[in-house]
Amino acid sequence: MRAVVLDASGRPAQADVPGPEGPGVEVEIRACGLCGSDVEKLRPDFAGAVLGHEVVAVTPEGRRVALVHHAACGECERCRAGHESTCESFRAATIRPGGFAERARADAWVELPHAVTDALGTYVEPLACVLRGAERVPRGRVLVVGQGFVGRLFAAVLRHRGDEVFAVDAEPARSGPEPDGPVDAAVLCAPGGAERAFEAVEPAGTVLVFADAGALPAGPVYRKELSVHGSRSATRAAMERAVALLPGLELPEPEVLPLARFDEGLERYRRREALKVVFVP
Ligand SMILES: [Zn+2]
Ligand SMILES: [Zn+2]
């Protein structure tokens, strides 16, 4: 089958590879979104990998589904405390080899309704990450730092639940509305901007760290007695909720390209010309 495989230097290359093997059910891939975390993996230590975890596929029974790409055990202490993405079982990939291919073997999925197109269905996984993170953000006035795709998803989810949402980005054209005073909480969706997030939050407020955002300022955490939470990745339950919420949200349209034009889509994403790129085999 055709797939995008990382070469020895970690660069994505079009390749013909054997069909998927191993446990799970073979599914036919319809669309796969390019995620910032995929771009971070374009390194020699991921040579040979097929990336892509925001996958819409069709099962042998003809069901259109969004694939679950990691599965927590649901029973250990961390899972029970709501930290499923740190569960030991969570590390194993459940989509083999990955989403940037014609087919894959998958362990689990959530079904998509007709109202959700293949391209939009790739938003289920990132939206689920956001819904899970949003549980740790108190309601009220919230500043979202970073307005790439995930920041936009976060702003949409918080607005939908009734928060007053402000948004800033390193690129002024992507910012707004800017905060008009202190906020109850801030969400860090991008590296850089941590100082701004921690300064904007009221005493006793909350900061959610939703990206590997670099060094965080301890001063305001100490002086203002802030709560800092981290959240990463999604669970199957959050994916179910994402499917239900997706048709009702106002979200940016993806740029859809054939998988054969992977390099072009990657370049457009890197140059920030495209907020979200979705590839179809
Ligand atoms: Zn992702
Ligand atoms: Zn567990």
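It should be emphasised that the depicted structure is a prediction, and the values quoted were computed from it without experimental measurement.

Draft legend 1. Representation of the coordination of the zinc ion (ligand 1). In the first shell of the zinc ion (ligand 1), the protein supplies Cys35 (SG), His53 (NE2) and Glu54 (OE), at 2.1 to 2.7 Å from the metal. All donors to the zinc ion (ligand 1) come from one chain, and their sequence spacing reads C-x17-H-E. Classification of His53 as buried rests on a relative accessible area of 9%. Looking at Glu54, the relative accessible area reads 2%, which means it is buried.

Draft legend 2. How the structure looks around the sheet that holds strand S13 (residues 227-230). Strand order in the open sheet made by the five strands is S10-S9-S11-S12-S13, with parallel pairing throughout. Edge positions in the open sheet fall to strand S10 (164-168) and S13, since each of these has one partner strand only. Strand-to-strand twist across the sheet, computed as the mean angle between neighbouring axes with direction ignored, equals 20 degrees. Two elements, strand S9 (residues 141-145) and S10, share five bridges in a ladder whose sense is parallel. Directly across from Val145, in S10, lies its bridge partner Val168. Sitting on the sheet, helix H5 (residues 149-160) is in contact with S9, S10, strand S11 (183-188) and strand S12 (201-209), with an inclination near 170 degrees to S9.

Draft legend 3. Examining the environment of Gly22 more closely. Within the secondary structure, Gly22 is located in the loop between strand S2 (12-16) and strand S3 (25-33). In this structure Gly22 comes out as partly exposed when scored by relative accessible area, which is 45%. Distance from Gly22 to Ala104, taken between C-alpha atoms, is 9.9 Å for residues 82 residues apart in sequence.

Draft legend 4. Up close: the layout of surface pockets. Taken as a whole, the second largest pocket holds about 160 Å³ of empty space. Around the second largest pocket, the lining residues are Gln147, Arg152, Ala155, Ala156, Arg159, His160, Gly176, Glu250, Leu251 and Pro252. Across the lining of the second largest pocket, the residue classes break down as four nonpolar, three polar and three charged.

Draft legend 5. Molecular detail of the pattern of salt bridges. Under the counting rule described, the total for this entry stands at 27 salt bridges. It is possible to trace a salt-bridge network through shared partners that takes in Glu255, Glu267, Arg268, Arg271 and Glu273.

Draft legend 6. Representation of the coordination of the zinc ion (ligand 2) in the model. Donor atoms from the polypeptide that coordinate the zinc ion (ligand 2) comprise Cys73 (SG), Cys76 (SG), Cys79 (SG) and Cys87 (SG), at 2.3 to 2.4 Å from the metal. With four donor atoms in place around the zinc ion (ligand 2) and angles of 106 to 115 degrees between them, the coordination shape is tetrahedral. Look at where the donors of the zinc ion (ligand 2) fall in the sequence and you get C-x2-C-x2-C-x7-C. A relative accessible area of 26% places Cys76 in the partly exposed class. Given a relative accessible area of 7%, Cys79 falls into the buried group.

Draft legend 7. Representation of the side chain of Arg105 within the structure. You can see Arg105 is positioned in strand S7 (residues 103-106). Contacts of Arg105, omitting those with residues within four sequence positions, involve Pro20, Glu21, Gly22, Pro23, Gly24, Val25, Glu26, Thr94, Ile95 and Arg96.

Draft legend 8. Structural context of the pairing of S11. A large share of S11 lies buried, amounting to five of its six residues. Two strands pair when backbone bridges link them, and S9 and S11 are joined in this way by four bridges, in the parallel orientation. Bridge pairing in S11 links Val145 to Leu188. Across five bridges, the pairing between S11 and S12 is parallel. Along S12, the bridge assignment pairs Ala186 with Val207. Crossover S11 to S12 through helix H6 (residues 194-200) is right-handed.

Thresholds, definitions, all that
Residues numbered from 1 in each chain as written. Chains lettered and ligands numbered in written order. Predicted model: local features only at pLDDT ≥ 70, side-chain atom pairs only at ≥ 80, totals over all residues. Heavy atoms only, no water. Donors = N, O, S within 2.8 Å, 3.2 Å for Na, K, Ca; no water. Buried < 20%, exposed > 50% of the residue type's maximum accessible area, 1.4 Å probe, protein only. Pairing = 2+ DSSP bridges. Helix = DSSP H or I, 4+ residues; strand = E, 2+ residues; numbered from the N terminus. Axes fitted to C-alpha atoms, helices over the stretch in contact; angles between N-to-C directions. Contact = heavy atoms within 4.5 Å. 1 Å grid on protein atoms, 1.4 Å probe; cavity = no way out; pocket = protein on both sides within 12 Å on 5 of 7 lines; lining within 4 Å. Points joined across faces, edges and corners; volume = space filled by probe spheres on them. Nonpolar A, V, L, I, M, F, W, Y, C, P; charged D, E, K, R; others polar. Salt bridge = Lys/Arg side-chain N within 4 Å of Asp/Glu carboxyl O. Tetrahedral: all angles 85-135°; square planar, octahedral: opposite > 155°, others 65-115°. Right-handed = clockwise from strand over helix to strand, strands pointing away.

Spatial relationships are all this shows, so hold off on functional conclusions.
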